[in-house]
Amino acid sequence: MKNIKLTNSLLILAFIVSLFVLAKSILIPLILGGFLAMLVYPIQRFLKSKGINNIVALSVAVSSILVFIVVLSGMLSWQVAQISNDTGKIKKQFNTKKSQVTTYLKDTYNLKDDRLEKFSKNTKQELKSTGKKFLGTFSTTMGSGLLVVLYIILFLMLKDRIKNFIFMVTDEEKVKENEILTKSAEIVRNFFVGKFLVMAILAVTYGIGFSLVGIQYAPMLALLAAILTIIPYLGNLLGAGLVFIFILISGGGIKDIALVVGIMSFTQFLESYILMPKVVGEKVNLNALTVIFGVIFFGLIWGVMGTIMALPILGIIKEWFGHYEDTKPYAYLMGTEEADEIGS
């Protein structure tokens, strides 16, 4: 009997993975739209409780997301415009740094010019390729933006119908199902609202620290480094790498990098041990193995958007697993609670 259950579980898992891979162009905007609908639903509910028309309340809720995106894009565009004005200066500083590194490698490791030139050429091609892939992913995501907005509107309009559908197709009590749906929405809201608040705190802290050190383009680098932290674990490394590259090509030295390492290390310590536990809370409640595996898995099949949505997806899956006896072992494996705390 246990072998049959295991076989069925593996078949279901294989089906779900195949669905995630084959239908990613459909699922990414659909799931993102669902998450954002959960995120802004409290705004719609609050406005309706004050007697405001449902359509007006829905429009305000959806507009809040668009305003946030416009403000964030405006801040980044302002910084990018400043950098574009200094393109000639940055290029000159970059060539100087490149010449210094080349000289150091030749003198230290006795490398020939042709090998260094080949390495430089390959590095440029890799950077261009990575940049094109990132822009491609970004363009695809922006191209799906209208579809995501449409899904947000439809989820908010059909919320009760979707909830009743779930009640109808499951055998469990409505109270239990409603509790799972409520907790699932809380997981999404706590994750994204908490993450955005933590990102804002990080952006301000980085910005102050970078400015005091004298780093060029401190506001933009602080904002980008903070935004990248939405990707668990990997985001901090990507943000630090981006800042180091900008420091080097803008004429900074080892001393600047060392000071920035100190600032970012201290801030990330605050994020990991104070901000995240207090602001985001323990609603997601996933162990490190599940988080790392989930980020890598969803990153491989869905790209950048997969790494961002991995934690709330896994948190919801774990929440549903924890409420059914047959799947409680999987919830226990994914989480940090003791066995008797699962589903409580």
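Heads up: the structure comes first, above all this text.
None of these values were measured; they are calculated from a predicted model. (Residues numbered from 1 in each chain as written. Predicted model: local features only at pLDDT ≥ 70, side-chain atom pairs only at ≥ 80, totals over all residues. Heavy atoms only, no water.)

### Section: the pattern of salt bridges
Side chains carrying opposite charge are able to pair once their charged atoms draw close together. Tallying each qualifying case throughout the model produces three salt bridges. One salt bridge in this structure joins Asp-160 and Lys-159, with 2.9 Å as the shortest N-O distance. Of the charged contacts, one joins Lys-328 and Glu-325 as a salt bridge, the two residues approaching to 3.3 Å between their closest N and O atoms. (Salt bridge = Lys/Arg side-chain N within 4 Å of Asp/Glu carboxyl O.)

### Notes on the nonpolar core
Judged by nonpolar contacts, the single largest core of 42 residues is most densely connected at Phe-35, Ile-152, Leu-156, Phe-298, Trp-302 and Met-309. Counting only elements with at least two residues in this core, the list comes to helix 2 (24-49), helix 3 (54-85), helix 6 (145-157), helix 8 (174-213), helix 12 (288-302) and helix 13 (304-321). Discounting chain neighbours no more than four positions away, the residues touching Phe-35 are Val-188, Phe-192, Met-309, Pro-312, Ile-313 and Ile-316. Among the nonpolar cores identified, the runner-up in size contains 24 residues, and Val-198, Ala-203, Ala-226 and Leu-275 belong to it. (Core = buried A, V, L, I, M, F, W, Y, C linked by side-chain atoms within 4.5 Å. Buried < 20%, exposed > 50% of the residue type's maximum accessible area, 1.4 Å probe, protein only. Helix = DSSP H or I, 4+ residues; strand = E, 2+ residues; numbered from the N terminus. Contact = heavy atoms within 4.5 Å.)

### With respect to unusual backbone geometry
Even without glycine at this site, Tyr-217 takes up a positive phi of about 55°. Relative to the helices and strands, Tyr-217 is located in the loop between helix 8 and helix 9 (218-228). Residue Tyr-217 is classed as buried on the basis of its relative accessible area of 10%.

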